[in-house]
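Each chain, letter by letter, is given below.
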Amino acid sequence: MSPSIRTPHSIVLLVGREDHSAPDSFGGASCVATADCVAVATVSPVDGPTSVSVAPSADEARLVVLGEFTIESEGQVSVRDVFHRDHDAMGVEPGFVDVRVLADTAVDPTEVVFVVRPGGS
């Protein structure tokens, strides 16, 4: 079951390293990334919670792709909010991982799924 969270500042992060670098801005996009962090703009916390999960696969039929990125990991990827609170995590091989970001809508999603696979897959 995916945790439902009320994300502060309407942002959820997937980080690959403890000392990660979050993106400075979204530049009008719903999803952006740095070398070790993916950020997704979500529904406002006053409008309700966001279901967020990280998994090696997902049922993509009902979801839209917000972006595809490669980030560096120290052996785990963690779903966090902007206050560095962990909400979900998944162990991975250290190195680069491919991240496909899925959501229920392209703008202000209430469901976000980070599909994480070994880099180069």
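Look above for the structure.
Along each chain, residues carry numbers from 1 onward, in the same order as the chain's sequence is written. Side-chain atom pairs in this predicted model are given and counted only at pLDDT of 80 or more, local residue features only at pLDDT of at least 70, and totals for whole chains, interfaces and linings cover all residues. Each side-chain value is worked out from all heavy atoms of the structure, with water and hydrogens disregarded.

**Q** I'd love a proper account of the pairing of strand β7 (residues 76-80), names of residues and values included.
**A** Among the 5 residues in β7, 4 count as buried, and that is most of the element. DSSP calls a pair of strands paired once it identifies at least 2 bridges connecting them. For helices the rule is a DSSP run of H or I covering at least 4 residues; for strands it is a run of E covering at least 2, with both sets numbered from the N terminus onward. Two strands pair when backbone bridges link them, and strand β2 (residues 11-15) and β7 are joined in this way by 3 bridges, in the antiparallel orientation. From the neighbouring strand, Leu13 faces β7, where its bridge partner is Arg80. With 5 bridges connecting them, β7 and strand β8 (residues 86-91) associate as antiparallel partners. If you follow Val79 over to β8, its bridge partner there is Asp88. Two successive antiparallel strands, β7 and β8, enclose a turn made up of 5 residues, where His84 displays a positive phi of approximately 70 degrees. The buried label goes to any residue with under 20% of its type's maximum accessible area, the exposed label to any with over 50%, and the partly exposed label to all in between, with areas taken from a 1.4 Å probe on protein chains only.

**Q** Break down the sheet that holds strand β10 (residues 111-118) for me, citing the residues and quoting the values.
**A** Read across the sheet, 5 strands follow the order β1-β5-β10-β9-β6 without closing on themselves; strand pairing throughout is mixed. The sheet terminates laterally at β1 (4-5) and β6 (64-73), the two strands that pair on one side only. Bridge analysis of β1 against strand β5 (residues 50-55) gives 2 bridges, and the strand direction is antiparallel. Across the sheet, residue Ser4 finds its bridge partner in β5, namely Ser51.

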